[in-house]
Amino acid sequence: MALKRGLSGVNRIRGSSGGSRSALVLLIFFCVFSPLVFFVGRGVYIDSSNDYSSASVKQNLDWRERLAMQSVRSLFSKEVLDVISTSTADLGPLSLDSFKKKNLPASWRGAGVDTSLGYSENQTTPDVKSNILNEKRDSTSKDGGHQKVETPAKLHRRQLREKRREMRANELVQHNDDTILKLENAAIERSKSVDSAVLGKYSIWRRENENDNSDSNIRLMRDQVIMARVYSGIAKLKNKNDLLQELQARLKDSQRVLGESTSDADLPRSAHEKLRAMGQVLAKAKMQLYDCKLVTGKLRAMLQTADEQVRSLKKQSTFLAQLAAKTIPNPIHCLSMRLTIDYYLLSPEKRKFPRSENLENPNLYHYALFSDNVLAASVVVNSTIMNAKDPSKHVFHLVTDKLNFGAMNMWFLLNPPGKATIHVENVDEFKWLNSSYCPVLRQLESAAMREYYFKADHPTSGSSNLKYRNPKYLSMLNHLRFYLPEVYPKLNKILFLDDDIIVQKDLTPLWEVNLNGKVNGAVETCGESFHRFDKYLNFSNPHIARNFNPNACGWAYGMNMFDLKEWKKRDITGIYHKWQNMNENRTLWKLGTLPPGLITFYGLTHPLNKGWHVLGLGYNPSIDKKDIENAAVVHYNGNMKPWLELAMSKYRPYWTKYIKFDHPYLRRCNLHE
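The structure reproduced in this document is the subject of the present report. Sequence order as written defines the numbering, with residues in each chain counted from 1. Selection of residues for local features in this predicted model requires a pLDDT of at least 70, selection of side-chain atom pairs for listing and counting requires 80 or more, and totals for whole chains, interfaces and linings are taken over all residues. Excluded from the side-chain calculations are hydrogens and water; all other atoms, namely the structure's heavy atoms, are used.

In this section: the overall build of the chain. Secondary structure follows DSSP: runs of H or I at least 4 residues long count as helices, runs of E at least 2 residues long count as strands, and numbering of each begins at the N terminus. Of the regular secondary structure elements, the chain holds 25 helices and ten strands. Three exposure classes are used, based on accessible area relative to the maximum for each residue type with a 1.4 Å probe and protein chains only: buried under 20%, partly exposed in between, and exposed over 50%. Looking at the chain as a whole, 36% of its 673 residues qualify as buried. The contact criterion used is simple: two residues touch if any of their non-hydrogen atoms lie within 4.5 Å. Across the chain, contacts joining residues at least 24 apart in sequence account for 74% of those joining residues at least 6 apart. The protein chains shown are the only cover counted for residues, whose accessible areas, like all others here, come from Shrake-Rupley with a 1.4 Å probe. Counting only carbon and sulfur atoms, one obtains 55% of the accessible surface of the chain, whose full area is about 41,600 Å².

See the structure below:
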């Protein structure tokens with residue numbers, strides 16, 4: 001019995017010990033393995049959720065990026081976008097940190113540009129610092145605690161790209177600087193060739209021309225005047241008498257204020273009030289009278305009228321310019337009058353020039369000069385003598401008209417040309433030069449020629465003919481060059497000079513030039529398509545077309561060497577008379593001496609070296625300075641003669657250096673440089 005109790009007690013003890021073991025195992029399982037399973041499962045869930053969220057975020061970022069790029073394209077130019085794309089390709093996406101660290105490409109690093117976005121590296125705000133630390137911590141956790149390091153190869157390639165960009169930028173800057181320098185130099189050279197006397201003194205750098213809206217008041221007032229005239233016509237048409245009177249009153253006020261004003265500075269103080277009053281009246285007229293068709297018709301009629309007025313004024317200004325170019329200025333006229341008075345006060349014995357025996361000596365160097373301008377003739381003689389090696393061998397034959405005969409004599413009696421010989425003649429004393437012998441004189445005396453010259457309302461008085469309607473064509477001095485053997489019968493060669501030239505070298509070598517049997521030695525003036533025969537002659541006329549080549553090269557009067565022996569042998573004066581008689585109605589050429597000269601000496605002209613005679617100083621502002629300085633003779637052919645106010649200032653010193661402006665006669669007549 002006792003033994004049974006002991007066994008049962010042992011069994012109870014074993015049963016209780018086995019239960020406690022299972023409870024212990026369960027406790028350990030729940031305390032250790034259950035959290036482990038929980039965290040492992042949680043980690044798997046987090047990874048899957050992170051993958052899903054990163055995909056959604058990436059999709060959201062792609063959509064936002066596209067929207068941002070659309071906005072950026074509308075804000076920046078293509079060049080800036082290219083810089084951004086290049087920067088993102090090389091350095092990753094642009095971020096605040098990259099701006100703060102100044103990791104910008106060279107093209108974005110402008111001088112004086114602050115790339116710190118308002119704060120420096122050492123002065124960041126606490127919020128910015130915490131954000132940067134959080135970003136670094138996140139990136140460190142994502143990369144496993146290791147930051148991404150750029151490989152040496154990528155770093156080398158990026159440095160090469162940056163170096164190439166800098167080199168290219170420097171090349172572009174240098175090229176741009178060189179281009180600007182070339183443009184500036186070209187502009188300076190062009191400005192040197194522009195003469196202020198010809199083109200005026202306008203300069204874009206003047207203060208009144210700095211503002212594009214300068215003189216806006218005067219332009220507005222002129223526009224108001226135009227519209228007031230338009231509405232006045234419409235008001236009269238529609239019997240709006242009250243409005244018409246008001247418009248006319250305001251129109252007179254505006255015209256009175258405008259006067260001769262050319263800029264806002266010239267307007268009186270009342271101009272603003274007049275502008276305002278006219279604006280109110282025009283607004284009232286627009287409300288009552290505006291009709292598109294009527295306004296358009298009025299403006300068109302005013303435009304046509306203005307166009308006709310412009311053409312008329314242009315014709316008038318052309319005529320006046322031609323007339324101004326051919327008239328003698330007051331100081332030179334004064335000089336001629338004073339010299340003439342003093343000449344006729346001299347006794348006959350004192351009116352003679354010395355060395356008259358040289359006048360017919362064929363072994364000397366003879367010059368023919370036909371002029372009615374005392375000052376111009378003196379410059380020709382002085383410049384020739386000053387540059388001659390042996391002045392005693394030079395003989396000057398001057399011919400003038402009876403009006404200037406006394407003045408020309410008196411000037412050279414007071415100012416003899418050194419050892420050179422000079423003689424002055426009066427063209428009106430050439431008795432053989434009459435209308436029965438000379439076709440030009442006969443034509444000048446005809447009624448048709450007088451009508452052409454003196455009838456103001458001539459139907460053919462267009463601007464193309466104004467050039468030929470000036471007084472010089474009425475003077476025989478202009479045509480005397482075709483009668484040289486008659487004027488100087490005992491000479492073999494003579495050098496003809498115009499009075500608008502200056503001589504800069506010794507001209508004696510011209511007498512040694514072999515003309516090869518030709519009569520005229522002259523410098524040719526033809527270029528590729530200009531200064532040829534078809535410019536001067538009417539090739540629609542059969543006589544001209546049959547006898548001459550339209551592409552034949554022209555030549556210039558002004559400095560011509562004439563062989564008078566060949567002249568007489570070939571009867572040059574007879575050829576001239578023949579063609580002059582055929583041109584009585586001016587159908588072969590217009591007036592002048594060059595066209596008949598081209599015809600008369602056709603095939604009989606020997607071309608001289610162009611260095612002997614440089615032309616164009618009377619009209620061409622772009623002649624090379626070296627060509628002028630190296631020329632033996634410089635010719636001011638054209639309207640801008642050196643003794644006129646029209647003269648180009650850059651060329652005038654070549655002429656004035658042969659004038660002594662301290663001469664008493666010049667001072668009395670206010671002649672100065």
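Next comes the rest of the description.
Before going further, it helps to spend a moment on unusual backbone geometry. With phi around 60°, Asn239 is a residue other than glycine that occupies positive phi space. By the secondary structure assignment, Asn239 is in the loop between α7 (216–237) and α8 (241–258). Positioned with a positive phi, Asn516 is a non-glycine residue whose angle comes to about 55°. Within the element layout of this structure, Asn516 appears in the loop between β5 (501–503) and β6 (520–522). A relative accessible area of 52% means that Asn516 is categorised as exposed.

As a further point, take the environment of Gly574. As for its placement among the helices and strands, Gly574 is situated in helix α21 (residues 572–582). When the C-alpha atoms of Gly574 and Phe482 are compared, they prove to be 9.6 Å apart, with 92 residues separating the residues in sequence.

Let us now look at the sheet that holds strand β10 (residues 633–635). Taken together, the three strands give an open sheet; going across it, the order is β5-β10-β9, and neighbouring strands pair in mixed fashion. Both edges of this open sheet fall to β5 and β9 (613–614), since each of them pairs with a single strand only. Two strands form a pair only when DSSP identifies at least two bridges running between them. Of the strand pairs in this sheet, β5 and β10 are connected by three bridges, and their pairing is antiparallel. When the bridges of β10 are listed, Ile502 appears paired with Val634.

Attention now moves to the state of the cysteines. In plain terms, two cysteine sulfur atoms within 2.5 Å form what is called a disulfide here. Evaluated as defined, the whole model comprises two disulfides. Put simply, Cys334 and Cys669 are joined by a disulfide, and their sulfur atoms are 2.2 Å apart. An S-S torsion of about -70° defines the bridge between Cys334 and Cys669 as left-handed. With a gap of 335 residues between them, Cys334 in helix α11 (residues 330–344) and Cys669 in the segment after α25 (664–668) connect regions that are remote in the sequence. The class for Cys669 is buried, based on a relative accessible area of 5%. Each bonded cysteine in the chain gets a number by its place in the sequence, and the pairs come out as 1-4, 2-3.

Let us now look at the packing of aromatic side chains. For this analysis, a ring pair means two rings from Phe, Tyr or Trp (six-membered ring only for Trp) whose centres lie within 6.5 Å, classed as stacked if their planes differ by under 30 degrees, edge-to-face if by over 60, and tilted for the remaining angles. Taken as a whole, this structure holds 23 aromatic pairs when the rule is applied. Ring centres of Tyr367 and Trp511 lie 5.4 Å apart, and the angle between their planes is 75°; this geometry places the pair in the edge-to-face category. Within this pair, whereas Tyr367 is found in strand β1 (residues 365–370), its partner Trp511 is found in the loop between β5 and β6, the two being separated by 144 residues in sequence. Overall, the relative accessible area of 1% leaves Tyr367 in the buried class. Centre to centre, the rings of Trp643 and Trp655 are 6.0 Å apart; their planes meet at 50°, and the pair counts as tilted. Here the residue Trp643 occupies a position in the loop between β10 and α24 (652–656), and Trp655 occupies one in helix α24, the gap between them amounting to twelve residues. Like Trp643, the residue Trp655 is buried in the burial classification.

Across the six residues that make up strand β3 (residues 421–426), a large majority, five, are buried. Here six bridges tie strand β2 (residues 394–400) to β3, and the two strands are oriented parallel to one another. Bridging from a neighbouring strand, Leu398 pairs with Val424 of β3. By convention, orient the strands away from the viewer: a clockwise path from the first strand over the helix to the second makes the crossover right-handed. Since β2 and β3 lie parallel, the crossover through helix α13 (residues 405–414) that links them has a hand, and here it is right-handed.

Another aspect to go through is the packing of helix α12 (residues 374–386) against α13. Between two packed helices, what matters for the description is the angle formed by their axes and the separation of those axes. Between α12 and α13, the shortest axis-to-axis distance is 10 Å and the interhelical angle comes to 40°. Between α12 and α13, the angle is such that the two are oblique. Crossing hand, α12 versus α13: right-handed. Where α12 approaches α13, its residues Val374, Ala377, Ser378 and Val381 are matched on the opposing element by Ala407, Met408, Trp411 and Phe412. All axes are obtained by fitting lines to C-alpha atoms, using only the stretch in contact for helices, and the reported angles, taken between N-to-C directions, cover 0 to 180 degrees. For this classification, under 35 degrees means roughly parallel, over 145 means roughly antiparallel, 65 to 115 means roughly perpendicular, and everything else is oblique. Handedness of each helix crossing follows the sense of rotation of the near helix against the far helix: counterclockwise by less than a right angle gives left-handed, clockwise gives right-handed.

Next up on the list: the packing of α7 against helix α10 (residues 292–326). It is the contact of α7 with α10, at a shortest axis distance of 10 Å, that shows an interaxial angle of 120°. The pairing of α7 with α10 is recorded here as oblique in orientation. In this structure, α7 crosses over α10, and the sense of that crossing is right-handed. Contacts from Ile226, Met227, Arg229, Val230, Tyr231, Gly233, Ile234 and Leu237 in α7 reach Leu294, Val295, Lys298, Leu299 and Met302 in α10. Split by residue class, the contact of α7 with α10 holds ten nonpolar, one polar and two charged. Each residue gets one of three labels, nonpolar for Ala, Val, Leu, Ile, Met, Phe, Trp, Tyr, Cys and Pro, charged for Asp, Glu, Lys and Arg, and polar for the others, Gly among them.

On to the pairing of β1, then. When you tally the buried positions in β1, you get five out of six residues, the bulk of the element. Where β1 lies against β2, six bridges are found, and the strand directions are parallel. Paired with Leu369 across the bridge in β2 is Leu398. Handedness of the crossover joining β1 and β2 through α12 is recorded here as right-handed. Examined bridge by bridge, β1 and strand β4 (residues 493–497) share three bridges and lie parallel to one another. Residue Leu369 lies in a different strand from β4, and its bridge partner there is Leu497.

For the rest of this paragraph, the subject is the sheet that holds β4. What the seven strands build is an open sheet, ordered β3-β2-β1-β4-β7-β6-β8; its pairing is mixed. Unpaired on one side and paired on the other, β3 and β8 (605–607) mark the two borders of the sheet. Sheet twist, expressed as the mean angle between neighbouring strand axes with direction ignored, is 25°. This element, α12, spans β1, β2, β3 and β4 of the sheet and lies at about 175° to β2.

Moving on, we come to the pattern of salt bridges. A pair is scored as a salt bridge if a Lys or Arg side-chain nitrogen falls within 4 Å of a carboxyl oxygen belonging to Asp or Glu. Taken as a whole and judged by the stated rule, the model has eleven salt bridges. Between Lys569 and Glu566 there is a salt bridge, and its shortest N-O distance comes to 3.5 Å. Of this pair, Lys569 and Glu566 both sit in helix α20 (residues 564–570), three residues apart, roughly one helical turn. Of the residues examined, Lys569 reaches a relative accessible area of 66% and is grouped as exposed.

A separate point is the side chain of His577. By the secondary structure assignment, His577 is in helix α21. Setting aside chain neighbours within four positions, we find His577 in contact with Tyr437, Cys438, Pro439 and Tyr483.

On the secondary structure map, Leu617 appears in the loop between β9 and α23 (625–630). In sequence terms Leu617 and Val634 are 17 residues apart; their C-alpha atoms lie 7.6 Å from each other. In contact with Leu617, not counting residues within four places along its chain, are Ile623, Ile628, Val634, His635, Tyr636, Asn637, Met640, Met648 and Tyr651.

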